[in-house]
Every structure is written in C-alpha cells, then in structure tokens.
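# Structure assessment
Residue strings, one per chain:
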Amino acid sequence: MKITLSLEKTISNDVSIMVDALRASTTITLALNNFNKIIPCFTPEEAFKLKKLENGIIAGERGGEIIDGFDIGNSPKLVESYKSDKKTLILTTSNGTRILENMNSTVLIGSLVNAKSVGKKSVETADNHIDVVMAGVNGEFALEDFLASGEILYWICNNLDEYDLSDYAKAAIIASKDYEYLKNGFLNSKSAQRLKKLNYYDDIILCSLKNISDNVAIYENNEIKLIKD
C-alpha cells in the first residue's frame, strides 16, 4: 500500500483523508453524533439556499468567526451539543469544506479525535493508495494539520503489514509521537492563536484530544455521512 501526505490537493485516485484539525474535521466528526448528514458548501449564499431546501441547520465561519445570519459557527464543542429536531447540518468553512470540492477519490474525514478509527477504516477501504490531505490555512502549511495527520498515519501503518511510506509522511509520524509535544503544537499554532483571540480556547482543547470518537465520515454525492460497519 502506498501511503502519502499532501497539502490541499490529493494525489490519490483511491482513498483520501481530509484533515482540517482546527476545526472543520473535528466539527464534522463530532456533529455526526447529533445529525444524520452534513452537506458541505462553499459560500454563505449557497448555505442559505440549502437551509430552505433541506430544512437544516447552517453552521460555518470565515476567518474563524461565525457568519452573520448563521445558526452556529464552526465550533465542534457547540455543534456537538446543539439541540435541534433537524437532522441535516449545512457547513461552510474557510479551508476544510473548500478542499473537498476537487477530490476525485473516496474521501474520509480525519482529525485527532478519530485518528485511530479513520486510519483503520482507510486501510479497509483502500486498494493501493491512501493520501492524507492537510487542508492548511489559505493555501499555507498548518502545524496542527501536520500533527493530526501524523497520528492518523501512525494508525494507518499500524493496520498494514507492508506499506510504502513517503518521507513527508514519516516526518509527520515522528513529529506526532510525543503527545505533550503534539498538544503544545496545537495550542501554539497560528490557527490556535487566532482562535484564542476569538474566545474559542475550549475548541482548541477539544480538537487536541486523541481518539475520543469512533466516528468515521465519508464524503460522497455531495454529502457527509457516517460509515456504517
């Protein structure tokens, strides 16, 4: 099995794992405790239209802040606890949902909170190539995505007898091995610094927890749903 790590664009036509650790991937993973499906969209205008069509809840951010007129922002802590009889979440974010649009492979959603489960599921799903794709921030490298990807890559390799691992992927695994170092990286990344200023410190802490969810989401037919065992 070929195992690679990429930024923004996948290089696999087989299985790709989208990682936007702060916060879209974590929000999606935990939101599926309360919602049956998530519809990612790429503009606020599209989200408002889908809200009427789907009778759903709209969530999202730009620059970390909730979009005017939305029901909720891109906060995994708040989305997980959000109470509603509506079971469709419509989500738009600055980075994570944006990169889903151009992925031509089987796409899973990965984060630190479900790293073990998504790593295992990707091995069960793939034929020959798993690419872990960091969303980054506005086209730039994001430390938290690199560290979360390292944990996911570790569990991918842990579920394989033989694999061809890129050096970039090896570096991510090495960087993520020390959990205290990993948490410190999350807390001090540029993304975290911005979120702290917006009073989302609790989200940072939640996103830095390892393997607290068994949820694995798949993106297909423009919807995100849990993979059923």
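The following paragraphs examine the structure supplied in this document. Since this is a predicted model, take the numbers as computed values, not measurements.

## Examining the packing of helix H6 (residues 143-158) against helix H7 (residues 167-176)
Helix-helix packing is characterised by the crossing angle of the two axes and by the distance between the axes. Contact geometry of H6 with H7 gives a least axis separation of 7 Å together with a crossing angle of 105 degrees. Considered as vectors, H6 and H7 are oriented roughly perpendicular to each other. In this structure, H6 contributes Phe146, Leu147, Gly150, Glu151, Leu153, Tyr154 and Cys157 to the contact, and H7 contributes Tyr168, Ala169, Ala171, Ala172, Ile173, Ala175 and Ser176. Among the residues making up the contact of H6 with H7, the classes are represented as eleven nonpolar, two polar and one charged.

## Observations concerning the packing of helix H8 (residues 179-188) against helix H9 (residues 190-197)
It is at 5 Å that the axes of H8 and H9 come closest, and there the two elements cross at 55 degrees. Judged by the inter-axis angle, H8 sits oblique to H9. Contact with H8, carried on its side by Phe186, Leu187 and Asn188, involves Lys190, Ala192, Gln193 and Lys196 of H9 and no other residues of that element. Looking at the contact of H8 with H9 residue by residue, the classes come out as three nonpolar, two polar and two charged.

## Observations regarding the nonpolar core
Soluble, globular proteins show a tendency: their nonpolar side chains are buried together. Residues Ile17, Leu153, Ile156 and Phe186 are the most contacted members of the largest nonpolar core, which totals 40 residues. When residues in this core are grouped by element, the largest group, eight residues, is from H6. Apart from residues no more than four positions distant in its own chain, Leu153 is found in contact with Ile3, Thr4, Leu5, Val132, Ala169, Ala172 and Ile173. In terms of nonpolar packing, the next biggest core, distinct from the first, is built from 22 residues, Leu89, Leu100, Ile109 and Ala217 among them.

## A closer look at the side chain of Ser105
Relative to the elements of secondary structure, Ser105 occurs in the loop between helix H4 (96-100) and strand E7 (106-110). Side-chain polar atoms of Ser105 contact the side chain of Ser16, separated by 2.7 Å. Apart from the residues within four sequence positions on either side, Ser105 is in contact with Thr10, Ser12, Asn13, Asp14, Val15 and Ser16.

## Here's the deal with the packing of aromatic side chains
On inspection of all chains with the given rule, the structure shows four aromatic pairs. Each ring, one from Phe48 and one from Phe70, has its centre 5.3 Å from the other, and the planes form 85 degrees; the classification is edge-to-face. Of the two residues, Phe48 is situated in helix H2 (residues 44-54) and Phe70 in the loop between strand E5 (65-66) and helix H3 (76-81); the sequence distance between them amounts to 22 residues. Relative accessible area serves as the criterion here: at 33%, Phe48 is assigned to the partly exposed category. An aromatic cluster of at least three residues, connected via ring pairs, comprises Phe141, Phe146 and Tyr168. The cationic tip of Arg23 hangs over the ring face of Tyr200; the distance from NZ or CZ to the ring centre is 4.4 Å.

## Regarding the pattern of salt bridges
Applying the stated criterion to the full structure yields eleven salt bridges. Ionic pairing is found between Arg23 and Asp203, a salt bridge with its closest N-O pair at 2.9 Å. Of the two residues, Arg23 is situated in the loop between strand E2 (15-19) and helix H1 (24-31) and Asp203 in helix H10 (residues 201-207); the sequence distance between them amounts to 180 residues. As far as burial versus exposure is concerned, Arg23 and Asp203 are alike and both buried. Where Lys121 meets Glu124, a salt bridge forms, and the shortest distance between an N and an O atom there is 3.1 Å. Here Lys121 pairs with Glu124, and both are found in helix H5 (residues 115-125), just three residues apart, close to one helical turn.

The rules we used
Residues numbered from 1 in each chain as written. Predicted model: local features only at pLDDT ≥ 70, side-chain atom pairs only at ≥ 80, totals over all residues. Heavy atoms only, no water. Axes fitted to C-alpha atoms, helices over the stretch in contact; angles between N-to-C directions. Helix = DSSP H or I, 4+ residues; strand = E, 2+ residues; numbered from the N terminus. Parallel < 35°, antiparallel > 145°, perpendicular 65-115°, else oblique. Contact = heavy atoms within 4.5 Å. Nonpolar A, V, L, I, M, F, W, Y, C, P; charged D, E, K, R; others polar. Core = buried A, V, L, I, M, F, W, Y, C linked by side-chain atoms within 4.5 Å. Buried < 20%, exposed > 50% of the residue type's maximum accessible area, 1.4 Å probe, protein only. Polar contact = N/O pair within 3.5 Å; in protein donor to acceptor, adjacent residues only side chain to side chain. Phe/Tyr/Trp six-rings, centres within 6.5 Å; stacked < 30°, edge-to-face > 60°. Lys NZ or Arg CZ within 6 Å of the ring centre and 35° of its normal. Salt bridge = Lys/Arg side-chain N within 4 Å of Asp/Glu carboxyl O.

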